[in-house]
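Spelled out, the chains give:
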Amino acid sequence: MKPPVFEYHAPGSTDEALALLGEHAWEAKILAGGQSLVPAMNFRLASPAILIDINGVDELSGIETAADGSLRIGAMTRQNVVESSDQVRAAAPLLHKAMPWIAHPQIRARGTLGGSIAHADPAAELPAVMLALGAEFHARGPSGERAIPADEFFFGLLMTALAPDEMLTAISIPAQAPRSGTAFVEFARRHGDYALAGVAVTLTLGSDGTCESAALGLLSVSEAPMLAVQAASALVGTAVELSDAEGAAELAAGEIDPTGDLHASADYRRHLVRVLVRRAVVEARAGIEDRG
Amino acid sequence: MSDNDPQRIAIETRVNGTSVHAEVESRTLLTDFLRQDLRLTGTNVGCEHGVCGACTVLFDGEPVRACLIFAVQANGHTIETVESLANSEEELHPLQEAFREAHALQCGFCTPGILMSLAPDLDEIAALDEDAIRERLSGNLCRCTGYQHIVDAIQSMNPEADGD
């Protein structure tokens with residue numbers, strides 16, 4: 001199948017891209033890595049009248065580590081650059097661990113960090129990981145720049161807090177706290193396929209060895225990427241023993257709203273979440289001991 | 001702009017070492033530009049939504065899906081297709097030779113995409129263990145071989161193996 005006719009623009013700067021977006025907001029789409037948008041256009045599920053290709057906007061790429069250890073990653077940074085970045089491995093091990101689960105190397109060579117987040121596919125890895133990391137998204141529009149916390153960004157199926165004339169420009173990720181552990185697990189029929197379910201976990205222990213904070217991002221089990229809020233709060237204050245992980249898994253299975261499809265029934269997805277949350281929490285807890 | 005009046009854009013790109021000036025419709029996929037405009041039909045069109053890998057080419061040296069890139073996006077970039085591998089019709093690229101030796105293809109439709117996925121990092125990939133090699137092949141579908149002979153071909157190129 002071939003994409004429908006569209007008008008193509010290739011701005012050289014963020015300002016230029018925003019001006020175009022301001023002019024054509026309701027009929028334009030931003031073309032980032034194109035690994036979701038172009039297939040949708042080839043299938044004619046999407047037919048934007050105008051494409052604003054930001055692949056030539058160099059200022060949107062790059063990874064910076066701030067003085068406090070946090071990361072600021074340009075929205076157009078390619079996924080394979082994030083995957084092989086030592087800065088990312090050091091400051092955000094969870095993101096580093098999750099990258100190889102995204103599709104295939106050929107897709108990660110083009111796909112971008114910001115593109116996947118702005119696309120907000122509930123079955124994608126990055127939105128769930130961003131939720132578990134407590135990331136913040138920087139968006140620019142006609143009224144300037146604003147920062148949107150990840151947990152206020154994803155609304156529904158492919159819906160985000162971005163206004164039609166706003167563009168995601170960068171992602172801030174806090175440095176992983178001391179005495180923290182993370183895990184990313186997912187289940188797919190074939191590695192690289194969309195997962196039937198997946199879990200991203202961050203756990204932080206307090207000085208008394210009990211859990212001080214926890215975040216569990218889930219993918220493929222709801223209309224939007226989501227945090228399992230009840231499961232996470234149940235872990236706080238516990239020593240994160242196996243029974244605590246099992247309790248959290250049970251709660252998470254109750255919080256989700258999976259749909260059944262050709263690949264997995266809703267019940268099976270619920271079962272997977274129960275298993276995957278338990279595994280992820282146990283792995284994240286074990287990782288804290290590894291780090292001393 | 002109507003369907004009868006598609007936007008055409010001049011591009012300048014480098015394909016298999018040759019500089020190419022062309023005018024393309026904005027919606028033309030890189031696969032179709034390579035096959036139909038440049039007659040480089042080694043790049044195959046399979047699923048056209050990024051799943052099968054048959055259209056894999058190198059974009060600035062990295063394997064990508066040519067069906068998920070517009071030809072206009074190749075402006076100012078370099079493209080290499082499977083036609084760039086062999087020096088001549090008589091002399092295959094070592095990777096192609098290894099595929100031939102190991103019977104790593106049957107119908108051959110997926111082969112150009114697999115070759116281009118492997119070519120840039122061949123030494124690194126050939127030295128991997130079997131699971132990791134299969135992982136690297138996961139972005140290319142083959143419906144004939146069951147992959148075993150492809151894995152054999154790749155392993156036969158391991159520079160660290162002693163040849164036994």
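Per chain, residues are indexed from 1 in the order of the written sequence. Chains and ligands are labelled sequentially in the order written, the chains with letters from A and the ligands with numbers from 1. Given that this is a predicted model, residues contribute local features only at a pLDDT of at least 70 and side-chain atom pairs are listed and counted only at 80 or more, while totals for whole chains, interfaces and linings are drawn from all residues. Side-chain metrics rest on all non-hydrogen atoms present in the structure, leaving aside hydrogens and water.

## Things to note about the interface of chain B and chain A
Contacts between the two partners involve 31 residues from chain B, matched on the other side by 29 residues from chain A. Here the buried area means the combined drop in accessible surface, using a 1.4 Å probe, for two parts upon being joined, counting both sides. Carbon and sulfur atoms make up 56% of the surface buried where chain B meets chain A, a total of about 2,600 Å² over both sides. Among the residues chain B hides against chain A, the three largest losses belong to Arg27(B), Leu68(B) and Phe70(B). Together they make up 24% of the total. Definition used for salt bridges: Asp or Glu carboxyl oxygen within 4 Å of a side-chain nitrogen of Lys or Arg. One can count two salt bridges joining chain B with chain A. Pairing of N or O atoms within 3.5 Å defines a polar contact, subject to two protein rules: one partner must be a possible hydrogen donor and the other a possible acceptor, and residues neighboring in sequence count only if both atoms are side-chain atoms. On inspection of chain B and its partner chain A, the count reaches 15 residue pairs in polar contact (both at pLDDT 80 or more). Helix numbering and strand numbering both begin at the N terminus, where a helix is a DSSP run of H or I of at least 4 residues and a strand a DSSP run of E of at least 2. Secondary structure elements with two or more residues in the side of chain B that touches chain A: β3 (56–59) and β4 (62–65) of chain B. In terms of residue count, β4(B) provides more of the side of chain B that touches chain A than any other element does, four residues in total. When checking whether two residues touch, look at their non-hydrogen atoms; a contact exists if any pair is within 4.5 Å.

## Notes on the packing of helix α2 (residues 94–101) of chain B against helix α3 (residues 111–118) of chain B
Residues and elements named next belong to chain B. Closest axis-to-axis distance for the α2/α3 pair is 11 Å, and the angle between their directions is 130 degrees. On the basis of their axis angle, the class for α2 and α3 is oblique. Along this stretch, α2 crosses α3, giving a crossing that reads as right-handed. Residues Leu95, Gln96 and Phe99 of α2 form the contact with α3, whose participating residues are Thr111, Ile114, Leu115 and Leu118. To get an axis, fit a line to the C-alpha atoms, keeping to the stretch in contact for a helix; angles then go from 0 to 180 degrees between the N-to-C directions. In this scheme, roughly parallel covers angles under 35 degrees and roughly antiparallel covers those over 145, while 65 to 115 is roughly perpendicular and the rest are oblique. The crossing is said to be left-handed when, going from far helix to near helix, the turn is anticlockwise and less than a right angle, and right-handed when the turn is clockwise.

## Thoughts on the sheet that holds strand β2 (residues 18–25) of chain B
All names here are of chain B. Strands were regarded as paired on the criterion that DSSP finds at least two bridges between them. Read from one edge to the other, the open sheet built from five strands follows the order β2-β1-β5-β3-β4, with strand pairing classed as mixed. With one partner strand each, in any of the chains shown, β2 and β4 form the two edges of the open sheet. Pairs of neighbouring strands in the sheet enclose a mean axial angle of 40 degrees, with direction left out of account. Looking at chain direction, β3 and strand β5 (residues 78–80) are connected through two bridges and run antiparallel. Along β5, the bridge assignment pairs Phe59 with Ile79. In the packing of helix α1 (residues 30–37) onto the sheet, contacts are made with β1 (8–15), β2, β3 and β5, and the angle to β2 comes to roughly 110 degrees. The sheet contacts of α3 involve β3, β4 and β5, and relative to β3 the element is tilted by about 35 degrees.

## Describing the domain arrangement of chain A
Residue and element names in this part refer to chain A. Under the domain assignment used here, chain A contains domain 1 (7–53), domain 2 (63–173) and domain 3 (180–290). An automatic or database domain assignment is the source of the domain bounds shown. The gap between the C-alpha centroids of domain 1 and domain 2 is 19 Å. Residue-level contacts link 13 residues of domain 1 with 16 residues of domain 2. For the domain 1 and domain 2 pair, buried surface summed over both sides reaches about 1,100 Å², with 72% attributable to carbon and sulfur atoms. Per-residue buried area on domain 1 facing domain 2 is highest for Leu18, Ala32 and Gln35; these three make up 41% of the total on that side. Close ionic contact of Arg140 with Asp15 constitutes a salt bridge, the shortest N to O distance being 2.6 Å. Here domain 1 and domain 2 share one residue pair in polar contact (both at pLDDT 80 or more) between them. Here the element with the most residues in the side of domain 1 that touches domain 2 is helix α1 (residues 14–24); it accounts for six residues. Three residue categories are used. Nonpolar comprises Ala, Val, Leu, Ile, Met, Phe, Trp, Tyr, Cys and Pro, charged comprises Asp, Glu, Lys and Arg, and polar comprises the others, including Gly. Looking at the side of domain 1 that touches domain 2 residue by residue, the classes come out as seven nonpolar, five polar and one charged.

## Focus: the packing of aromatic side chains
Centres within 6.5 Å make a pair out of two Phe, Tyr or Trp rings, where for Trp the six-membered ring is used; the pair is then stacked when the planes are under 30 degrees apart, edge-to-face when over 60, and tilted otherwise. Applying the stated criterion across every chain yields a total of five aromatic pairs over all chains. Judged by centre distance (4.7 Å) and plane angle (75 degrees), the ring pair of Phe137(A) and Phe153(A) falls under edge-to-face. Residue Phe137(A) is found in strand β6 (residues 136–141), and its partner Phe153(A) is found in the loop between β7 (144–149) and β8 (154–156); the two are separated by 16 residues along the sequence. Note on exposure labels: buried denotes an accessible area under 20% of the residue type's maximum, exposed denotes more than 50%, and partly exposed covers the range between, all computed with a 1.4 Å probe on protein chains only. Overall, the relative accessible area of 0% leaves Phe137(A) in the buried class. Arranged with centres 6.0 Å apart and planes meeting at 75 degrees, the rings of Phe137(A) and Phe154(A) form a pair that is edge-to-face. With Phe137(A) in strand β6 and Phe154(A) in strand β8, this pair connects stretches of sequence that are 17 residues apart. Both residues of the pair, Phe137(A) and Phe154(A), belong to the buried class. Taken together, the ring pairs connect Phe137(A), Phe153(A) and Phe154(A) into an aromatic cluster. Look at NZ for Lys and CZ for Arg. If either is within 6 Å of the ring centre and within 35 degrees of the ring normal, a charge sits over the ring. In this arrangement the basic side chain of Arg110(A) is found over the ring face of Phe59(B), its NZ or CZ atom lying 4.6 Å from the centre.

## Focus on the pattern of salt bridges
Taken as a whole and judged by the stated rule, the model has 16 salt bridges over all chains. Note that Glu48(B) is salt-bridged to Lys2(A), the shortest N-O span being 2.5 Å. Of the two residues, Glu48(B) is situated in the loop between α1 and β3 and Lys2(A) in the segment before β1 (7–9); the pairing between them involves two chains. The partner of Arg146(A) in a salt bridge is Glu166(A), and the shortest N-O contact between them spans 2.6 Å.

## Some thoughts on the nonpolar core
Residue and element names in this part refer to chain A. In this structure, Leu95, Ile117, Met130, Phe137 and Ile173 are the most contacted members of the largest nonpolar core, which totals 75 residues. The leading source of residues in this core is helix α8 (residues 125–133), at seven residues. Once residues within four sequence positions are removed from consideration, Leu95 is found in contact with Ile73, Val82, Val88, Leu113, Leu126, Val129, Met130, Leu133 and Ile173. Definition used in this section: a nonpolar core is a set of buried Ala, Val, Leu, Ile, Met, Phe, Trp, Tyr and Cys residues joined via side-chain atoms within 4.5 Å.

## Some words on helix α6 (residues 148–155) of chain B
One turn of an α-helix holds 3.6 residues; hence residues three or four places apart share an orientation. Residue and element names in this part refer to chain B. Here α6 has its buried residues at Ile150, Val151, Ala153 and Ile154. End-on, the buried residues of α6 take up no more than an arc of 160 degrees, which puts them together on one face. Those residues of α6 hidden inside the fold are in contact with α2, α3, α4 (122–126) and α5 (130–136). In this description, one arc is meant: the one made by directions from the helix axis to the C-beta atoms.

## As for the sheet that holds strand β5 (residues 71–74) of chain A
Residue and element names in this part refer to chain A. The five strands are arranged β4-β5-β10-β6-β7 in an open sheet whose pairing can be described as antiparallel. Here the strands that pair on one side only, and so sit at the sheet edges, are β4 (63–65) and β7. With direction set aside, neighbouring strand axes in the sheet form an average angle of 25 degrees. Pairing of β5 with strand β10 (residues 167–173), which is carried by four bridges, proceeds in the antiparallel orientation. Across the sheet, the residue bridging to Leu71 is Ile173, located in β10.

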